[in-house]
Amino acid sequence: MRRWLPFALIAAVALAAFGGGAILYRSYRQKVITLTKEQQEAGRRESVHFRGHPKAPVTLEEFGDFACPPCGRIAGPVHALERAYPQQLQSIFREFPLAVHPHALAAAYAAEAAGLQGKFWEMHDLLYREQRIWSEAAGADQLFSSYARLLGLDLALFEKDRKGETVRARVAADQKRAAALGVTITPSIFINGKLMTGPELSPSGLRAAVDAALAAKAAP
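Attention in this report is confined to the structure presented alongside it. What you see as residue numbers is a count from 1 along each chain, following the sequence as written. Local features in this predicted model are restricted to residues of pLDDT 70 or higher, and side-chain atom pairs are both shown and tallied only at a pLDDT of 80 or more, whereas totals for entire chains, interfaces and linings draw on every residue. In computing side-chain values, all of the structure's heavy atoms are included and hydrogens and water are not.

**Structural notes on the overall build of the protein**
At step 1: Each helix and strand in the protein was counted, giving 10 helices and five strands.
At step 2: With 220 residues in all, the protein has 44% of them scored as buried.
At step 3: Considering only contacts within the protein whose residues lie at least 6 apart along the sequence, 79% involve residues at least 24 apart.
At step 4: Only the protein chains shown count as cover for residues, and the accessible areas themselves come from Shrake-Rupley with a 1.4 Å probe. Of the roughly 11800 Å² that the protein leaves accessible, carbon and sulfur atoms contribute 62%. Strands are runs of DSSP state E lasting at least two residues, helices are runs of H or I lasting at least four, and both sets are numbered from the N terminus onward. For each residue, the accessible area found with a 1.4 Å probe, counting protein chains only, is set against the maximum for its type, and the residue is called buried under 20%, exposed over 50%, and partly exposed in between. Residue contacts are counted whenever heavy atoms from the two residues lie within 4.5 Å of one another.

**Concerning helix H4 (residues 104-115)**
At step 1: Here the expected span of a helix is defined as 1.5 Å times the quantity of residues minus one. Here H4 spans 17 Å end to end across 12 residues, near enough to the 16 Å set by a 1.5 Å rise per residue.
At step 2: Burial analysis of H4 places nine of its 12 residues in the buried class, the great majority of the element.
At step 3: Within H4, the full set of buried residues consists of Ala104, Ala107, Ala108, Tyr109, Ala110, Ala111, Glu112, Ala113 and Ala114.

**Focus: helix H10 (residues 203-218)**
An α-helical turn contains 3.6 residues, so any two residues separated by three or four positions project in the same direction.
At step 1: With 16 residues, H10 ought to run about 22 Å at 1.5 Å a step, and its terminal C-alpha atoms sit 23 Å apart, in line with that.
At step 2: Listed in full, the buried residues belonging to H10 are Gly205, Leu206, Ala209, Val210 and Ala213. Relative to the axis of H10, the buried residues are bounded by an arc of 135° and lie together on one face. Exposed residues pointing more than 90 degrees away from the buried face of H10 are listed as Ser204 and Ala218.
At step 3: As for H10, its buried residues are in contact with strand E2 (58-64), helix H3 (69-84), strand E3 (89-95) and strand E4 (188-191). Arc definition: directions from the helix axis to the C-beta atoms.

**Some thoughts on empty space enclosed by the protein**
At step 1: Cavity: a set of points on a 1 Å grid over the protein atoms alone where a 1.4 Å probe fits but cannot get out. Pocket: an open set with protein on both sides within 12 Å along at least five of seven lines, its lining residues, like those of a cavity, having an atom within 4 Å of a point. Grid points are joined across faces, edges and corners, and a volume is the space filled by probe spheres set on the points. For the structure on display, the rule yields two cavities of 30 Å³ or more.
At step 2: Of the volumes computed, that of the second largest cavity is approximately 50 Å³.
At step 3: The wall of the second largest cavity is formed by Arg51, Glu62, Ala75, Val78, Glu82, Ser91, Ile92, Phe93, Trp121 and His124.

**A closer look at the packing of aromatic side chains**
At step 1: Only rings of Phe, Tyr and Trp enter the pairing, Trp through its six-membered ring, and a pair is recorded when the two centres are within 6.5 Å. The plane angle decides the type: under 30 degrees is stacked, over 60 is edge-to-face, the rest tilted. According to the stated counting rule, one finds seven aromatic pairs in the structure shown.
At step 2: Note on Phe120 and Trp121: the rings are 5.2 Å apart at their centroids and 85° apart in plane angle, and the pair reads as edge-to-face.
At step 3: On the basis of relative accessibility, which here comes to 4%, the residue Phe120 falls in the buried class.
At step 4: Relative accessible area serves as the criterion here: at 13%, Trp121 is assigned to the buried category.
At step 5: Chaining the aromatic ring pairs together yields one cluster made of Phe66, Phe93, Phe120, Trp121 and Tyr128.

**Examining the side chain of Asp174**
At step 1: Inspection of the secondary structure puts Asp174 in helix H9 (residues 165-181).
At step 2: In the analysis that follows, any N or O atom pair within 3.5 Å is treated as a polar contact, provided that within protein one partner can donate a hydrogen and the other can accept it, and provided that, for residues neighboring in sequence, both atoms belong to side chains. Among the polar contacts listed, one links the side chain of Asp174 to the backbone nitrogen of Glu95, at a separation of 2.8 Å.
At step 3: Apart from the residues within four sequence positions on either side, Asp174 is in contact with Phe63, Phe93, Arg94 and Glu95.

**Describing unusual backbone geometry**
At step 1: Thr186 connects to Pro187 through a cis peptide bond whose omega is -5°.
At step 2: On the secondary structure map, Pro187 appears in the loop between H9 and E4.
At step 3: The phi dihedral of Asn192 falls on the positive side, at around 50°, and the residue is not glycine.
At step 4: Considering the arrangement of structural elements, one finds Asn192 in the loop between E4 and strand E5 (194-195).
At step 5: Residue class for Asn192 comes out buried when judged on its relative accessible area of 19%.

**Focus on the pattern of salt bridges**
At step 1: Salt bridges are identified by distance alone: a Lys or Arg side-chain nitrogen within 4 Å of an Asp or Glu carboxyl oxygen. The tally for this structure, following the rule as stated, stands at 10 salt bridges.
At step 2: Residues Glu82 and Arg51 are paired through a salt bridge, measuring 2.9 Å at the closest nitrogen-oxygen approach. Of the two residues, Glu82 is situated in helix H3 and Arg51 in strand E1 (residues 49-52); the sequence distance between them amounts to 31 residues. The same class applies to Glu82 as to Arg51, namely buried.
At step 3: For Arg177, the salt bridge is made with Glu61, and the minimal N-O distance between the two is 2.6 Å. On the criterion of sequence distance, the pair formed by Arg177 in helix H9 and Glu61 in strand E2 is long-range, its members being 116 residues apart.
At step 4: Residue classification places Glu61 among the buried positions, given a relative accessible area of 6%.
At step 5: Salt bridges linked by common partners bring Glu61, Arg94, Glu112, Arg170, Asp174 and Arg177 together as one network.

Here it is, written out as C-alpha cells:
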C-alpha cells in the first residue's frame, strides 16, 4: 500500500494542475479582437485610470474584475511591466465586474470611490492583494471600509461616494466601452489595440507583446 502512495500523490497533484489549467483556459478563450485606430484614440481621450507615461508609444488596456482569480494572478505581472517600461508603457485599468462574483461590483465601487480621493491605484493593488479574504467574506463592505481607513481616506466621504452617482457612472462608462469592443470575460488585455489571448496572456507573453509593439513603433 505504501509503495503506491507516492504515485497517488503525483496523480492528485497532476489532476489539480489540470483543473487549474482548465479554469485559466476558460478565462483565456476569446475571439480575436483588434481595435481600430479610432477606437484606441477614443479610449485615450476618456478620463481613465492609468500608470506610466501619458504619451507612451505602447498602451496596455485591461478590463478587469477585482474578484476574478485570473485577474488577481495577472495583476502582479502587469505591475512589473509598468515598472520595467516607465517611459514606454501606459497601463489603463477599466472596471468590468462580472455578475458571477457577488462582491465584484461593490469592489469596483470601492476602487472608484478611492479614486475620487486620489487613491485608485492604492485601492486597486490592495483589493487584488486581499482578494481571497474579501471575495469570500459575508461582510465585504466592512472590509472595504477598513481598506479605506488603512489608505488614509476620508471615511465618511468614501462611504458617501461609493454609493453615489459619480462612481456608478464611472463603472458604467467602462462597461459601455467593454460592450462596444466585444469584451465578455476577464481579464481582457489589449496591447496597442490587439487583444491578448492564450499564451500571450501570461507574464512572458505580455512582455513579448510589449517588446513587439515597441519594435513596430520604432520600425521605419
